[in-house]
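Listed here are the chains, written in short residue letters.
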Amino acid sequence: MAMRRMVAKEYITYAYILLYICLSAGQIFFNKWVLSSKEINFPYPLGLTLLHMIFSSVLCFALTKIFKILKVEEGMTAEIYATSVVPIGAMFAMTLWLGNTAYLYISVSFAQMLKAIMPVAVFILGVAAGLEVMSCRMLLIMSVISFGVLVASYGEININWIGVVYQMGGVVGEALRLIFMEIFVKRKGLKLNPISMMYYVSPCSALCLLIPWIFLEKSKMDAQGSWSFQPLVLILNSLCTFALNLSVFLVISHTSALTIRVAGVVKDWVVVLLSALLFADTKLTLINLFGYAIAIAGVAAYNNSKLKREVGQGNAGGSQHGESVPLTSPATPTK
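Residue numbering note: each chain is counted from 1, following its sequence as written. Under the rules for a predicted model, residues below a pLDDT of 70 receive no local features and side-chain atom pairs below 80 are neither given nor counted, while totals for whole chains, interfaces and linings still include all residues. For the side-chain quantities, the full set of heavy atoms in the structure was used; hydrogens and water were omitted.

1. Details of the pattern of salt bridges
Thought 1: By definition here, a salt bridge exists when the distance from a side-chain nitrogen of Lys or Arg to a carboxyl oxygen of Asp or Glu is within 4 Å. Taken as a whole and assessed by the stated rule, the structure comprises three salt bridges.
Thought 2: For glutamate 174, the salt bridge identified is with arginine 177, shortest N-O distance 2.7 Å. Of the two residues, glutamate 174 and arginine 177 are both situated in helix α7 (residues 161-188); the distance of three residues between them amounts to about one turn of the helix. For the residue pair glutamate 174 and arginine 177, the accessibility class agrees, reading buried in each case. Numbering of helices and strands runs from the N terminus; a helix is a DSSP stretch of H or I covering at least four residues, while a strand is a stretch of E covering at least two. Working definition: with a 1.4 Å probe on protein chains only, accessible area under 20% of the residue-type maximum means buried, over 50% means exposed, and in between means partly exposed.

Now the structure itself:
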């Protein structure tokens, strides 16, 4: 009987991991389709991201305060919110906005390849913030990742530098968000699960997106009548975003934060290969794939190094019980 329970629990864990990979990859394709499809006619990445955050804010409030299905962890103060949550929310908004905008200019597969540079940005900013220590090993890993991304970019047939700039801007925003998250956890001493992070961060991100949306996209949407955006598509797209964040919570609660990072690498390969089949603007070359393989090898080494450091600091046990993790971005891979 005990053996059956263990087997059943193992299958449930694999099911949660598969759910996360499917939702994460599906959300990327869904966003690309909504932004570039002539049938949907909604080429407004800022507006789409704003809708996601408003939907997440309303749903989080309903689930935690009205229906009380989920619980928000206590300990948040006005000082912590202003100094930690607001910067995290602003960087989260920046990441989603710029990352979604990149899909208007570059293919999904190339966007994923550029995202592989994320550990490099996180490490450099971490060193600057005093959270990481420069070493020969880490310098070698960062060099391997950077070289792989450069090779993958060299092999891109239809490269659009505007899209590259947007995507790299999203990478910088995500790196800053992760740095703020680490400072938030280490220096403020407050750990929040993804549900609590969505509850606190989503309204802040929505406000950060609302201001530029009013100046950059609202007039265009009014002029072109894009307010006729199909409600069902909107609800499904926003619901998929929310479900993606919930899937992170499920995987973390049953495994660890490292599992999410490993699953994210698998998901990235799935997205790169499937995008070649689903979208006409994706043309993969051997140089693309070779460079991306090098970059992913560097990312795997980076994740392994992070795991060893966490174990050395005695944090591995905490990650098995719902450790605070970065809020998942629908447009970017989970780190």
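2. Quick notes on the environment of histidine 52
Thought 1: When you line up the elements, histidine 52 lands in helix α2 (residues 45-66).
Thought 2: Residue classification places histidine 52 among the buried residues on the basis of a relative accessible area of 1%.
Thought 3: Here the alpha-carbon distance between histidine 52 and serine 238, two residues 186 residues apart in the chain, equals 5.1 Å.
Thought 4: Ignoring any residue separated from it by four or fewer positions in sequence, one finds histidine 52 in contact with Gln27, Asn31, Asn237, Ser238 and Thr241. Residue contacts are counted whenever heavy atoms from the two residues lie within 4.5 Å of one another.

3. Description of unusual backbone geometry
Thought 1: Phi angles above zero are rare outside glycine, and lysine 68 is one such case at about 55°.
Thought 2: Its place among the elements puts lysine 68 in the loop between α2 and α3 (78-102).
Thought 3: Its relative accessible area of 63% is what places lysine 68 among the exposed residues.

4. A short note on the packing of helix α4 (residues 108-115) against helix α6 (residues 136-154)
Thought 1: Between α4 and α6, the shortest axis-to-axis distance is 9 Å and the interhelical angle comes to 160°. Considered as vectors, α4 and α6 are oriented roughly antiparallel to each other. Two packed elements cross with a definite hand, and for α4 against α6 that hand is left-handed. In this structure, α4 uses Phe110, Met113 and Leu114 to contact α6, whose residues at the interface are Val149, Ala152 and Ser153.
Thought 2: When the residues that make up the contact of α4 with α6 are grouped by side-chain class, the tally is five nonpolar, one polar and no charged. Where helices are involved, their axes are fitted lines through C-alpha atoms of the stretch in contact, as for all axes, and angles between N-to-C directions lie from 0 to 180°. Put simply, angles under 35 degrees are roughly parallel, angles over 145 are roughly antiparallel, angles from 65 to 115 are roughly perpendicular, and the rest are oblique. Note: crossing handedness is left-handed where the near helix turns anticlockwise from the far helix by less than a right angle, and right-handed where it turns clockwise. Each residue receives one of three labels: charged for Asp, Glu, Lys and Arg, nonpolar for Ala, Val, Leu, Ile, Met, Phe, Trp, Tyr, Cys and Pro, and polar for the others, Gly being one of them.

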